[in-house]
Structure formats: C-alpha cells, structure tokens
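Structural overview for review
So the chains spell out like this:
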Amino acid sequence: MMPDEGATVRRRKDDHLDLCIQGDVAFKTRSTLLSQVDLIHDALPEISFDQVDSSVEIMGRRLSAPILVAAMTGGTRRAQRINRDLARAAQQLGLGLGFGSQRVQLLNGNTLGFQVRDLAPDILVLGNIGIVQARGASTDQLEEMLALSGADALCVHLNPAMELVQRGGDRDFRGGLDTLARLRESLSMPLVVKETGCGLSRSVGQRLSDLGMQWVDVSGAGGTSWVGVETLCNPGASSPGPAFWDWGIPTAASLLQLDGLPLRKIATGGVYNGLDAARALALGASAVGIARPLLVAQNSGGAEGVQHRLELMISELRMAMLLTGCKTVRDLASQPLVLGAELAAWAPPRSQISSRIQGMRRGP
Ligand SMILES: Cc1cc2nc3c(=O)[nH]c(=O)nc-3n(C[C@H](O)[C@H](O)[C@H](O)COP(=O)(O)O)c2cc1C
C-alpha cells in the first residue's frame, strides 16, 4: 500500500457522497426499462391486504420484504453516521443492509461504519469489496474483514466502466474469474457478484453460473450513473466520461438476460418504488436493492427519513401484490406479463419467461 492510499480512498468517498446527495448523477437518457413491464390488474383479487405476505428468506435470514439497502459507504466518521442510521431503519423494518466497499478496512484495519450489529442484531448484512482488491487479498484476510463486521455474506463488486473514467482508477481487470472461483471454493459464507450500475449480461451470467456461483446483483443502468459520478469528480475536456455517462444494460433488461440461468438475482439500479420492485420480482429477482434515494433520505431526515422511505416502498410492493392477486412474493414470479418491445428485445432466445409473456406493447 502507498502510505496515503487510505487517505486518498477516504477523500474520494467523501466527494462521492456529496455528489450523490447534491449532484445530478442519474442516467440522462437511459432508463431501467422497468416501466416496460406491465403487471396485469386483477379486479377480483379475493385477498385481504393483511393477508399479503411480503416476507422472504434470503441467505438464512428472514426479511419482512425482499428489499435491501444497497452498498454505499463506510470507512469515515461521516460514513459511520450514515451506516448506523441505515442499520437502525433496516433493523426496525426487518430488511437487509449492504456495506459500501471495505477496502479501507482491508488496507489499514479501519472498521468505522462497518460495525452495526449492536444496533442491528437480526438483519441480513452484506460485506463488500471490489474484484481488484479481492484479487490481491487472501481468503483469510477477507474472512477476518467479514467476521469483524458481522457480515452474513460478501458482495464482490464489478465496476470496470467507473474505474476507467476515474483518474488513477484500475486498468487491469485480468484474473477476475479466477478470483471468484477461488472465493467460491474457499469462502465460508455466501458470495454475491454485484455490478454497480452497468448491469450483467447473459454471457457474464453464464460464466458465473459455470463457476457454480449462486447469487448476483445485476445493479443495472437507469438509476445512479457511476460513470456520471466520476465524470463530475474530474470534469474536463479530455474526460471520456460524458460519452459513457449512459453506458450499461438497463436493470430490467439485465434480469431478462439472465433468465433461465441457475442464478439467484438481486435487482439494484433505479428500483425506487414498490411497483418497480414488484416488476423486478416478476422478472425473476429474489430481492431488490435501493441505494442513492436512501442516502438522500438519511441526509435530510436521519434514520427516520430512511425508515419512512422504505415503509412507503414496502406498502407499494404489497399493494402491487394485492392488485395482481399475489399472496406471496413467490406468486409474483409466475405472473403473466405484457412487455414493451424495447425491453423484449433483450430476452435471450427460448427464455423461460417467454411462456409468461401475454403480449407485447408498442411505444413507450
Ligand atoms: C454513495 C454511493 C456509494 C456506493 N458505493 C458502492 C460500493 O462501495 N460498493 C458497491 O458495490 N456499490 C456501491 N454503490 C452502488 C450501489 O450499490 C448501486 O449498485 C448503484 O448506486 C445503483 O443503485 P441506485 O440507482 O439505487 O443508486 C454506491 C452507491 C452510492 C449511491
């Protein structure tokens, strides 16, 4: 490690938080394509709202709804305050929580913001590290990092587009699959391969399932653009960032791309309300993740602000379930669908979902 590498990482994290709270870092023209999924209204649902059961079991933990606070931060005092508010809200509602990259913990043992079990003893907690850092770390180092932060699983994030735009970012992505294969063999807890806003293609999904990987987070395009965040961090005429601001596979398209592969999917990336969550679950996701809107809610309203945002999302999801006649989350995965043509174009040939597609919609 260079002597000031930890400080550089911490400073950059701080800039990221400021930009994500204040800046315009959404995709500009690309959407999640979740609006191209029509769930079919059931005017005679024969279910009481109280009977709708949104709970699920994920990686051995029961969640009141299939919603995770997606990976954001850690490693500074400010990040610690944020993560503790996120943890309070997640514990209160029985949802999952992802830590942001634990690179600084790996570099110098800094656990600020990565210890929340005193506040959140019961929830699913996901640790996080970048694939390049995972490549350079031994499995024992990662196990120790996860044990110190009370995590139940490790997300290994993939972010090549963002790294290429970042000044001084990683340029060498060789050895990613070998690293995942090693961790798959040797890590004692579940592994989630996670994008960070550019989505996972069928080819990547195929390579991951060939390795025996079980969990992915598609983290697709249409929500926060990390190329956008890095572009704003380093503005200038010589940046490739503006050309790639909208790069990536939309979240709904990525779910479709992975259809039929033996992978359990988390859908993060622009999934900002419970109806979009229901659409993602109907496309085969086991859970959804939400990141930036919760950072904004925490900034203005602390743990309570986060809790209110998530309560609304849970009740919207339950409403979508009732209005499609679904008593359980599992029922959503067998719902008939009408898809927009732009989204349907991403479906692989002979996909399993195709038997559930009742119709195609033209236009937006
Ligand atoms: C402030 C911030 C920091 C993030 N840091 C990480 C990270 O360290 N590791 C990671 O896997 N994803 C990270 N992400 C990406 C999110 O987990 C998510 O994949 C992406 O922002 C898209 O979701 P959204 O549209 O709900 O924001 C971060 C997101 C935000 C907003």
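About the thresholds
- Residues numbered from 1 in each chain as written.
- Predicted model: local features only at pLDDT ≥ 70, side-chain atom pairs only at ≥ 80, totals over all residues.
- Near = placed C-beta within 6 Å.
- Helix = DSSP H or I, 4+ residues; strand = E, 2+ residues; numbered from the N terminus.
- Nonpolar A, V, L, I, M, F, W, Y, C, P; charged D, E, K, R; others polar.
- Pairing = 2+ DSSP bridges.
- Axes fitted to C-alpha atoms, helices over the stretch in contact; angles between N-to-C directions.
- Contact = placed C-beta atoms within 7 Å.
- Core = buried A, V, L, I, M, F, W, Y, C linked by C-beta atoms within 7 Å.
- Buried ≥ 20, exposed ≤ 12 C-beta atoms within 10 Å, placed from the backbone.
- Arc of directions from axis to C-beta.

**Observations regarding the site of the ligand**
In the vicinity of the ligand there are 25 residues, among which Ser101, His157, Gly223, Thr224 and Ala291 approach most closely. For the shell around the ligand, the secondary-structure elements that each account for two or more residues are α1 (5–22), β7 (153–157) and α13 (292–323). Looking at the shell around the ligand, its residues break down into nine nonpolar, 14 polar and two charged.

**Some points on the sheet that holds strand β1 (residues 37–39)**
Strand order in this open sheet of three strands is β1-β12-β13, and the pairing throughout is mixed. The sheet terminates laterally at β1 and β13 (357–361), the two strands that pair on one side only. If you compare each strand with its neighbour and ignore which way they point, the axes differ by 25° on average. Here strand β12 (residues 337–340) runs beside β13; their pairing, made up of four bridges, is parallel. Along β13, the bridge assignment pairs Leu337 with Ile357. Relative to β1, helix α12 (residues 274–282) is tilted by about 95°, and along the sheet it contacts β1 and β12.

**So, the nonpolar core**
In this structure, Ile67, Val156, Ala280 and Val288 are the most contacted members of the largest nonpolar core, which totals 110 residues. Per element, the largest residue contribution to this core is ten residues, and it comes from α13. Those residues in contact with Ala280, other than ones at most four positions away along the chain, are Leu34, Thr251, Leu255, Ala267, Val271, Ala285 and Val288.

**Quick look at the pairing of strand β6 (residues 125–130)**
The buried fraction of β6 amounts to six of the six residues, a majority that puts the element mostly inside the structure. The alternating pattern of β6 places Val125, Gly127 and Ile129 and Leu126, Asn128 and Gly130 on opposite faces, both of which are buried. Bridge count between strand β5 (residues 96–98) and β6: two bridges; the pairing is parallel. Paired with Leu97 across the bridge in β6 is Val125. Sheet analysis places β6 next to β7, joined by five bridges and oriented parallel. By the bridge assignment, Gly127 is partnered in β7 with Leu154.

**Describing helix α5 (residues 139–148)**
Taken together, the buried positions of α5 are occupied by Leu142, Met145 and Leu146. Axial view of α5: buried residues confined to an arc of 95°, hence all on one face. In this structure, α5 carries Asp140 and Ala147 as exposed residues pointing more than 90 degrees from its buried face.

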